[in-house]
Each structure stands twice: as C-alpha cells, then as structure tokens.
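# Summary of the model geometry
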Amino acid sequence: MSDVLLEIRNLEAFYGPVMAIRGASLEVPEGAIVTVLGANGAGKTTLLKTVSGVMDPDKGEVLLAGESIERSEPDRIVRKGVVHVPEGREVFPLLDVEENLAMGAWTRSDDGVAEDREMIFGYFPILEERLRQSAGTLSGGEQQMLAIARGLMARPKIMLLDEPSLGLSPILVGEIFSILRRLNEERGVAMLLVEQNAKAALDIADFGYVMELGRVVMDGPAKRLADNRDIREFYLGAKERSQRGERRWKRRKTWR
C-alpha cells in the first residue's frame, strides 16, 4: 500500500455557531485520487479550506507526510506542496492568462518555472492561445482550466479541487476530468477531489468518502462505491425498483 501523503484525523470545524465538520477522518495516499462526495451543506468545502489553512480547525489534526500543518498560514502550506483550487474558479479576472500563471508560481525560486509552463500548455493548449487575454473574458471551462493550471505552477504534491465540474457542460466536464487523470498518472500529483457530480468523480478516483452533515458516513474503493445501492440511488440517479416495477421512494440510506 502506498504511503499516506495527507491524513485528516478527527477534524472539527465551525462556521460561527454552526458545526460544519464533526470528527471527520480520511487519508490520501501518495499519487492517489481520493474523492469526497456529498450534498450541499455536507461540509466538503469546509474540509478543503481547513486543510489549506483558509480556516483553522477547532479540534483534530491535518498531517502532510506525517507533519502537522493545521493552523499553519496558507502560504506556508502552499510551500509545503498543498494547492487549493477553490469552488467557482476564482481566477484574477483583470490579469491576463500569463499573469495568472505567474501568480501560481510566486512561492517558487527555482529555475523550472518556464519548463513547467510549457508542460502545462501540453495539457491545456487553449491557454497558450489565450496567453494575452484577460482571465475574466475566458469561458467558464477555460477559467477552470486556468485555475487548475495556476495551481500546477506551484509544483504541488497534492491538489485540493473543489467542484471542478460546477457550471460546465458534460463535454467540458469529461475533458477536464480526463486531464486530471492524466496529470495524476503522468505527473504523480495526488488529488483530494470534492464533487457533487458523483459519476465523474468516481470514474477517475481510486478511493472515495461520503459526507453528510459534517460526518464521514461511508468510504471505500471508488469502484465499490459506484456499485453500492445507496450511492447509485442517492448520488448517481439510479432508480431502485421493486418486483412490481415501482420505485421504492421511501427507502432510507443504510448508513443512517
């Protein structure tokens, strides 16, 4: 089994008086893609913000390669190899594509920045065509590509990806998720992927967790989760039917 790169232990976090994460624990092995599924309000985004230092946990630990990083400043966490691609893309709209990419490399002082930029154009050729274009004028899919590319410019060990499929057409979702899988396979970048599009996430993930109301309620290999009756009905849209051919609308999830 691969060594654990990121480990979250018994994490608790609040938004004001609201407890958003309730004792969540999960692991991301080196070189793996791990997805976290769940509905709105499940605590997925809070989980990523706590790992990346945007929020401090009230309890629990976040370990990167065995080193505690919870309550560290976000720039320190980036320097250690953790990059957060937030929900809604959040590119710098008044800067052009080239300047956005340069912002992604601001923590680096090595000589490989130009080489990495060329590597990124191999995965996202449209960004090279749009190099002088303001990021705010790009399409939604192009902005998502830019947000991922900007994160890659930090040369991360692990990327935290929050809803990369949000607002995109099925064709663009397929294209972006295919690129994420290639980056993982060819560059060895581990990923913690938060998604409501369970099918897209499970198709590329190695392992998955399901969160509800701040708790991890199920976990397992991605293929096993995709075959699970509850996951299929409540997250993949499969219709459970009785022998009479009628859907069992009243059935509850078995993890409750």
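Just so you know, these numbers come straight off a predicted model, no measurement behind them.

Next up on the list: the nonpolar core. As a rule of thumb, nonpolar side chains are buried together in soluble globular proteins. Grouped together as the largest cluster of nonpolar side chains are 49 residues, with contacts concentrated most on F124, L146, I148, L152, M159 and L161. Two domains each donate at least three residues to this core, and these are domain 1 (4–81 + 156–255) and domain 2 (90–155). Other than its neighbours up to four places away in sequence, L152 contacts I120, F124, M159, L183 and V189. Residues L5, L11, L26 and L64 belong to the second largest nonpolar core, which totals 27 residues.

Before going further, it helps to spend a moment on the pairing of strand β9 (residues 207–212). With 5 of 6 residues buried, β9 lies mostly within the body of the structure. The sheet contact formed by strand β3 (residues 33–37) and β9 spans 4 bridges and is parallel. Bridge assignment links V34 to a residue of β9, and that residue is F207. In this structure, β9 lies alongside strand β10 (residues 215–221), joined through 6 bridges in antiparallel fashion. Paired with M211 across the strands is V216, a residue of β10. Between β9 and β10, which follow one another and run antiparallel, lie 2 residues, and L213 among them has a positive phi close to 50°.

Attention now moves to the sheet that holds β10. The 6 strands lie next to each other as β6-β7-β8-β3-β9-β10, forming an open sheet whose pairing is mixed. The open sheet has two edge strands, β6 (82–85) and β10, and neither has a second partner. Geometrically, the sheet is characterised by an average inter-axis angle of 15° between neighbouring strands, direction not taken into account. Pairing geometry for β3 and strand β8 (residues 190–195), over 5 bridges, is parallel. Considered in β8, the bridge of L37 is made with E195. This element, helix α7 (residues 170–187), spans β3, β7 (158–162) and β8 of the sheet and lies at about 155° to β8.

All right, on to helix α3 (residues 97–104) then. Within the span of α3, buried status applies to V97, N100, L101 and G104. Taken down its axis, α3 places every buried residue within 100° of arc, on the same side. Here the buried face of α3 lies against α4 (113–123), α5 (125–129) and α6 (140–152). In this structure D96 caps α3, since a side-chain oxygen of it lies 3.2 Å from the backbone nitrogen of E98.

According to the domain assignment, the protein consists of domain 1 (4–81 + 156–255) and domain 2 (90–155). Centre-to-centre separation of domain 1 and domain 2, based on C-alpha positions: 25 Å. Counting from both sides, the interface comprises 20 residues of domain 1 and, opposite them, 14 residues of domain 2. Taken together, domain 1 and domain 2 are joined by 0 salt bridges. Run the count over domain 1 and domain 2 and you get 3 residue pairs in polar contact (both at pLDDT 80 or more). Where the side of domain 1 that touches domain 2 is concerned, the elements lending two or more residues are α2 (74–79), β7 and α7.

A few words now on the sheet that holds strand β4 (residues 59–64). Reading across the sheet, the 4 strands line up as β2-β1-β4-β5 and stay open at both edges, with antiparallel pairing between neighbours. Both edges of this open sheet fall to β2 (18–29) and β5 (67–68), since each of them pairs with a single strand only. Pairing of strand β1 (residues 4–15) with β4, which is carried by 5 bridges, proceeds in the antiparallel orientation. By the bridge assignment for β4, R9 is matched with E61. Packing of helix α1 (residues 44–52) onto the sheet brings it into contact with β1, β2 and β4, and relative to β1 it is tilted by some 115°.

On to the environment of L95. Note on placement: L95 falls in the loop between β6 and α3. The exposure class assigned to L95 is partly exposed, which follows from its relative accessible area of 27%. Distance from L95 to K223, taken between C-alpha atoms, is 41 Å for residues 128 residues apart in sequence. Apart from the residues within four sequence positions on either side, L95 is in contact with N100, M103, Q133, S134 and A135.

The rules behind each value
- Residues numbered from 1 in each chain as written.
- Predicted model: local features only at pLDDT ≥ 70, side-chain atom pairs only at ≥ 80, totals over all residues.
- Heavy atoms only, no water.
- Core = buried A, V, L, I, M, F, W, Y, C linked by side-chain atoms within 4.5 Å.
- Buried < 20%, exposed > 50% of the residue type's maximum accessible area, 1.4 Å probe, protein only.
- Domains from an automatic or database assignment.
- Contact = heavy atoms within 4.5 Å.
- Helix = DSSP H or I, 4+ residues; strand = E, 2+ residues; numbered from the N terminus.
- Pairing = 2+ DSSP bridges.
- Axes fitted to C-alpha atoms, helices over the stretch in contact; angles between N-to-C directions.
- Arc of directions from axis to C-beta.
- Polar contact = N/O pair within 3.5 Å; in protein donor to acceptor, adjacent residues only side chain to side chain.
- Salt bridge = Lys/Arg side-chain N within 4 Å of Asp/Glu carboxyl O.

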